[in-house]
Each structure stands twice: as C-alpha cells, then as structure tokens.
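Single-letter residue listing:
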Amino acid sequence: MVVLYSTDCPRCIVLEKKLAQKNIEFEKNTTFNKREMLLKGFASTPLLEVDGQIMKFEDAVKWVNEQN
C-alpha cells in the first residue's frame, strides 16, 4: 500500500504527479494534523509511505523513478 502525506505544497504536487505518471496507485492523506505528524515522526511533507516504510521527498522520488 502506498500513501502520500501531502499538504499540497509544490513538492507534494511534484511527487503526486510522478506517482500518477508511473500509474502507481496511492492514497492521498491530507487530513492529518500537526500532532499526528509529530507522533509519526514527520517534520515536513511530502512523505511517502510504502508498505510501512516512510520516505522523505528525495527518497520517494528515487523510489518512484525506479518503478516500472
């Protein structure tokens, strides 16, 4: 399962477009609050969660680019 944690910032939009271009199915989560973010250890967005693994923007872009 792939979840995009997004605040619709410019980097969030770039990552969302990359996911769509690769036809990767994902759930977009924009309903979390600051407390929830901190509890998960998130300091900024976008973040991509793939099968429980959390990736920051740079690692997420690399992962997406590696998908067929």
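Residues numbered from 1 in each chain as written. Predicted model: local features only at pLDDT ≥ 70, side-chain atom pairs only at ≥ 80, totals over all residues. Heavy atoms only, no water.

**Q** Outline unusual backbone geometry, supporting the account with residue identities and numerical values.
**A** Here the bond from Thr-45 into Pro-46 is cis, since omega is 0°, no more than 30 degrees from zero. If you trace the backbone, Pro-46 turns up in the loop between α2 (34-39) and β3 (47-50). Within the chain, Asn-23 stands out as a residue other than glycine whose phi angle is a positive 55°. For Asn-23, the location among the structural elements is in the loop between α1 (10-21) and β2 (27-29). (Helix = DSSP H or I, 4+ residues; strand = E, 2+ residues; numbered from the N terminus.)

**Q** Could you give me a rundown of the nonpolar core, with the residues and numbers involved?
**A** Nonpolar side chains in soluble globular proteins generally cluster together in the buried interior. Of all hydrophobic cores here, the largest spans 13 residues; its most connected members are Leu-15, Leu-19, Leu-48, Trp-63 and Val-64. Every element with two or more residues in this core is listed here: β1 (2-5), α1, β3 and α3 (57-66). Take this core: its biggest share by element is 5 residues, from α3. For Leu-19, the contacting residues outside a window of four places in its chain are Leu-4, Ile-24, Phe-26, Leu-48, Trp-63 and Val-64. Judged by nonpolar contacts, the second largest core, of 6 residues, contains Tyr-5, Phe-32, Met-37 and Leu-47. (Core = buried A, V, L, I, M, F, W, Y, C linked by side-chain atoms within 4.5 Å. Buried < 20%, exposed > 50% of the residue type's maximum accessible area, 1.4 Å probe, protein only. Contact = heavy atoms within 4.5 Å.)

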